[in-house]
Structure formats: structure tokens, C-alpha cells
Amino acid sequence: MPPPQSASDSAAKRQRVLLVTGLLGAGKTTALRVLEDLGWETIDNFPIRMLGQLIGKPGEVTEGLKPPLAIGFDSRTRGFDPHAIIERVKRLTERQDLEVTTLFLDCSGQELERRYNETRRRHPLAADMPAASGIAAERELMEPLRRWADMVVVTTDMSANDLQQQIRERFAPLSEHGITITVSSFGFSRGMPPVADLVFDMRFLDNPHWVEELRPLTGKDAPVAEHIRRDPAFEVVFGQIRDLLLTLLPRYEAQGKAYVHVAFGCTGGRHRSVFTAELMAGALREAGYSPTVLHRNLGSRAADLVEGIGTRT
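Overview of the structure. As the structure is a prediction and not an experimental result, all values here were calculated from the model.

Rules used throughout
Residues numbered from 1 in each chain as written. Predicted model: local features only at pLDDT ≥ 70, side-chain atom pairs only at ≥ 80, totals over all residues. Heavy atoms only, no water. Helix = DSSP H or I, 4+ residues; strand = E, 2+ residues; numbered from the N terminus. Contact = heavy atoms within 4.5 Å. Buried < 20%, exposed > 50% of the residue type's maximum accessible area, 1.4 Å probe, protein only. Pairing = 2+ DSSP bridges. Axes fitted to C-alpha atoms, helices over the stretch in contact; angles between N-to-C directions. Phe/Tyr/Trp six-rings, centres within 6.5 Å; stacked < 30°, edge-to-face > 60°.

1. Looking at the side chain of Thr-101
Among the structural elements, Thr-101 can be located in strand β4 (residues 98-106). For Thr-101, the contacting residues outside a window of four places in its chain are Val-17, Leu-18, Leu-19, Asp-150 and Met-151.

Shown next, in the form of C-alpha cells:
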């Protein structure tokens with residue numbers, strides 16, 4: 001007689017199903033592309049009434065574990081009925097062979113109007129009315145799904161890269177530590193990162209921007225690295241931040257936190273923050289972690305207007 005399966009073994013064999021929906025223009029297509037890159041099978045504009053046929057019946061024999069499945073749908077689906085969809089999904093969540101999650105992408109009406117104007121696309125629910133009318137009608141139609149969703153991501157202040165990062169943080173496979181870490185750099189002059197868990201301000205360091213031969217370089221270049229390391233405060237503060245992260249990360253993991261985003265900022269996001277992020281990622285790798293490194297503003301122009309004429313921050 002085979003030994004009984006533990007709860008963790010049973011959970012490991014459940015197929016992950018992610019329903020991705022939300023307001024048109026809020027980022028569904030972007031989210032599905034990232035999920036595909038992460039190894040999910042993705043289907044967009046799926047007729048949700050056929051969800052049962054797509055997933056199959058409980059107990060159907062298949063070879064190996066099915067890959068995670070992401071299904072995109074929105075208000076354009078024929079016969080779209082939010083309440084009927086919710087009832088259908090409720091039945092699926094009761095199945096022991098499935099792990100079903102609903103992700104709703106939201107965005108402010110003003111930002112959606114801007115996006116429609118930029119792309120010169122007509123809102124499907126607007127007919128001959130302004131885009132604002134279609135957006136308002138769609139928001140009312142989608143509200144039951146928004147309330148029902150397990151996750152709501154508001155993309156109003158996000159760039160496409162910001163949304164991609166948030167999807168990676170939420171749905172990337174876990175590392176051997178059980179926690180996925182992102183280390184990033186950014187420039188305060190271009191706005192705070194919207195999804196960071198821990199933010200460290202490196203503007204107290206001597207700024208390579210004010211050294212003419214270093215200005216066109218970045219924190220990945222050796223002369224910039226040497227300049228930053230010569231600042232008496234750098235090694236002390238870097239060591240303190242490293243020790244803090246190595247203390248916090250196991251505790252986050254013990255509490256079930258799956259994703260941690262650590263961001264380092266400087267004025268323009270090209271020198272001090274880039275060097276510190278790269279060095280910290282290396283320190284975390286030495287400790288057994290596998291961080292992803294992102295540099296939000298590394299390709300931005302090194303401009304005096306950004307760094308601040310007459311200031312030395």
C-alpha cells in the first residue's frame with residue numbers, strides 16, 4: 001500500500017491556473033508576455049465559458065505535471081458576465097488538483113484616456129462617444145471581478161518595465177532559498193520605484209558626475225567604482241546594508257514572503273546606485289542567493305538638468 005501523500009506533496013502536484021483580467025489598456029498583454037517568458041503557457045482573449053473544457057476534468061491522467069497556465073480575458077469576450085465567471089471560477093477553486101488565482105489589472109481613467117489618445121485607438125465600449133465614456137462603462141461592468149480577484153495591480157503610475165518587474169516578482173519560480181530577490185538601481189530625479197520593498201539612498205556618497213572624465217561612464221566602469229570606493233563612508237555603510245539584508249532575508253523567507261525587491265537610488269541613477277547594486281548582488285550571491293539585477297536609468301542621458309546644476313548631490 002503506497003504511503004499517504006503529505007499536504008505539501010499534494011500541493012506540489014496541483015496545476016497552477018492564473019486568470020488575468022482587468023480594464024482594457026491596463027497592461028494585460030504585457031503581463032501575459034512576461035508570464036510566457038517565465039515558462040507559463042498563456043492564452044489571451046479566451047472565451048471564459050470554455051474554461052472547463054480547456055482545463056479538463058478532475059482525475060484525468062496526464063504525463064507529468066502540467067505547466068502553469070495563464071488565461072487572459074476581458075470585457076470584449078462574447079456573452080461577458082462577471083457574476084457567471086465568478087461562479088465558474090468558484091467551482092474550479094474547489095478542485096484539489098488546481099491552484100486557481102485571479103489577477104486584476106486596474107488603472108485610473110485619466111491615465112487610460114491618455115494611453116488611448118497616444119495610440120489613437122477607440123475604446124471598444126465607447127462606440128461614438130469619447131473614450132472616457134467607454135472607460136466608465138467598463139469600470140462599472142468589471143467591478144465585481146475586481147472585488148473578487150485575489151490580486152489587484154494598479155498600473156496608473158507604472159511604466160511597462162515597472163509592470164514587467166512586478167509580474168516577475170509575483171510569478172517567477174522560487175529559488176532554492178524559496179525567495180526571489182531583485183536588486184535594482186534608479187535615479188531619484190526620475191521618480192521612486194513603485195514596487196520596491198527596501199530603498200537605500202546613496203546620495204551621501206561623493207558624486208562621480210562632478211568629475212568630468214567620469215561623467216560619461218557608469219557604475220559598471222572601473223574608474224567610477226574606484227572613485228566611489230575612495231569615499232570614506234562607502235565601505236562602512238555598504239557593510240551595514242549587506243549585514244542588514246543577510247539578517248532580514250531569512251526572516252522574510254520564514255514568514256512566507258516569496259519576493260523581495262531591494263532598490264538603491266542616487267540622483268541620476270547611473271553611477272553610485274548602479275555600482276552599489278552590482279556589488280550588493282555579488283555579496284548576496286556569495287551568501288547563496290540568486291538575485292536578479294535591474295538598472296532602471298542606466299541608459300538615461302547624463303544631463304546637468306538631471307543631476308542638478310549648482311548642487312553636488
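2. Details of the pairing of strand β3 (residues 69-72)
Burial along β3 is two-sided: the face carrying Leu-69 and Ile-71 and the face carrying Ala-70 and Gly-72 are both buried. Relative to β3, strand β1 (residues 15-22) runs parallel, the two being bridged by 4 bridges. When the sheet's bridge partners are listed, Val-20 is paired in β3 with Gly-72. The sheet contact formed by strand β2 (residues 41-43) and β3 spans 3 bridges and is parallel. Bridge assignment links Glu-41 to a residue of β3, and that residue is Leu-69.

3. Things to note about the sheet that holds strand β9 (residues 292-295)
Judged by pairing direction, the sheet is parallel, and its 4 strands sit side by side in the order β7-β8-β6-β9 without closing on themselves. Both edges of this open sheet fall to β7 (198-201) and β9, since each of them pairs with a single strand only. In this sheet, adjacent strand axes meet at a mean angle of 15° when their direction is disregarded. Here strand β6 (residues 180-187) runs beside strand β8 (residues 259-266); their pairing, made up of 8 bridges, is parallel. Note on β8: the bridge partner recorded for Phe-186 is Gly-265. Running at roughly 175° to β7, helix α9 (residues 232-254) makes contact with β6, β7 and β8 of the sheet. Strands β6, β8 and β9 of the sheet are contacted by helix α10 (residues 272-286), whose axis makes an angle of about 165° with β6.

4. Section: the packing of aromatic side chains
Enumeration over the complete set of coordinates arrives at 5 aromatic pairs. Geometrically, the ring pair formed by Trp-40 and Phe-171 is edge-to-face, given 5.9 Å between the ring centres and 85° between the ring planes. Of the two residues, Trp-40 sits in the loop between α2 (28-37) and β2 while Phe-171 sits in helix α7 (residues 160-171), which places them 131 residues apart along the sequence. When sorted by exposure, Trp-40 lands in the same class as Phe-171, which is buried. The interplanar angle of 40° and the centroid separation of 5.4 Å between the aromatic rings of Phe-234 and Phe-275 together place this pair among those described as tilted. In this pair, Phe-234 sits in helix α9 while Phe-275 sits in helix α10, placing the two residues 41 residues apart along the sequence. Like Phe-275, Phe-234 is buried. The structure contains a cluster of three or more aromatic residues connected by ring pairs, namely Phe-234, Phe-238 and Phe-275.

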